[in-house]
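Structural overview
Given next are the chains, with one letter for each unit.
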Amino acid sequence: METETIPATKGRPREFCVDQALAEALRVFWTKGYDGASMADLTEAMGITKPSLYAAFGNKEALFHKALDLYESEKLDYTRAALEQPTARAVAEYYLRGALDRHCGGEDPKGCMGLLGTLACSPEAESIKADVVRRRASSQRALVERFERAKREGDLPAHIDPEGLTGHMLAILQGITVQASAGASRDELARLVETSLALWPSR
């Protein structure tokens, strides 16, 4: 676990765990969004001073990008595993059930950090929104390519448009994350997943 020693204003240098501080920053951004998270919120949750935050992570924007990296690597691991499933329907089921587990279970905040953190971004936070959009486009492209492969292999009907199918699935996923953050129950969202899978195109 990485630690950082930051000169304190008085006395001995202050040492803190960088990984733990970043995890706390992630939780603040996930709960309040980028604009809603103040520097006071962040430093209090991270247990460090503002100068220490700047010295270890850069500014608030740089901290958000690092938190988003952590979110993707630790909280969205199911999206990478989904792409390895043997059929297109299995990909969709793994993805949707993974989203249900991630955004509706455990002690993490509800909803998707990337989506919720940028829904109401100010003009000053355009680089944040651009980063989230870029990451989302990369994930979307991976799904399109997986469904294109499924179509070539005869796993999807010939009339199905892989891009349209991907867009439909991502709309369901975004609906899950937004409704979860608005207080929808796991049972309600599980019915949405089951209905989506029941409508999945098959040969």
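Residues numbered from 1 in each chain as written. Predicted model: local features only at pLDDT ≥ 70, side-chain atom pairs only at ≥ 80, totals over all residues. Heavy atoms only, no water.

A word on the overall build of the protein
Along the backbone of the protein there are 10 helices and two strands. Along the protein, from the amino end to the carboxyl end, the secondary structure elements read β-β-α-α-α-α-α-α-α-α-α-α. Counting over 203 residues, the protein shows a buried share of 41%. Once local pairs closer than 6 in sequence are excluded, the contacts in the protein between residues at least 24 apart make up 61%. (Helix = DSSP H or I, 4+ residues; strand = E, 2+ residues; numbered from the N terminus. Buried < 20%, exposed > 50% of the residue type's maximum accessible area, 1.4 Å probe, protein only. Contact = heavy atoms within 4.5 Å.)

Examining the side chain of Lys75
When you line up the elements, Lys75 lands in helix α4 (residues 60-75). Residue contacts for Lys75: discarding those within four places in its chain leaves Leu26, Trp30, Leu70, Arg102 and Asp108.

Points about helix α3 (residues 50-57)
Of the residues making up α3, those classed as buried are Ser52, Leu53 and Phe57. The buried residues of α3 occupy an angular sector of 100° when projected down its axis, which confines them to one face. The outward face of α3, more than 90 degrees from its buried face, is lined by the exposed residues Pro51 and Ala55. Positive backbone phi, approximately 90°, marks Gly58, located one or two places after α3. (Arc of directions from axis to C-beta.)

Topic: the pattern of salt bridges
For the structure shown, the criterion picks out 11 salt bridges. Glu153 serves as the salt-bridge partner of Arg149, at 3.2 Å between the closest nitrogen and oxygen. Each of Asp69, Glu72, Asp131, Arg134 and Arg135 takes part in one network of salt bridges that share partners. (Salt bridge = Lys/Arg side-chain N within 4 Å of Asp/Glu carboxyl O.)

Observations regarding the confidence of the model for the protein
Per-residue confidence for the protein gives a mean pLDDT of 86; residues scoring 70 or more make up 88%. The secondary structure element of the protein with the lowest average pLDDT is strand β1 (residues 3-6), at 50, and the one with the highest is helix α2 (residues 39-46), at 95. This model gives residues 6-13 a pLDDT under 50, and the stretch forms 10 contacts once residues within four places in sequence are excluded. (pLDDT = per-residue confidence, 0-100.)

What to know about the packing of aromatic side chains
Summed over all chains, the structure comprises six aromatic pairs. Here the aromatic rings of Tyr78 and Tyr95 are separated by 6.0 Å at their centres, their planes lie at 85°, and the arrangement is edge-to-face. Here Tyr78 is found in helix α5 (residues 77-82), whereas its partner Tyr95 is found in helix α6 (residues 88-104), with 17 residues between them in sequence. Here Tyr78 and Tyr95 have matching classes, each one buried. Through a chain of ring-to-ring contacts, the aromatic side chains of Phe29, Tyr34 and Phe64 assemble into a single cluster. (Phe/Tyr/Trp six-rings, centres within 6.5 Å; stacked < 30°, edge-to-face > 60°.)

A short note on helix α1 (residues 18-36)
The first and last C-alpha atoms of α1 sit only 22 Å apart over 19 residues, clearly below the 27 Å expected at 1.5 Å per residue. Along α1, the sharpest change in direction is near 80° and occurs at Trp30. Within the sequence span of α1, burial applies to Val18, Ala21, Leu22, Ala25, Leu26, Val28, Phe29, Trp30, Gly33 and Tyr34. (Expected span 1.5 Å × (residues − 1). Bend = angle between axes of the 7 residues up to and from the residue.)

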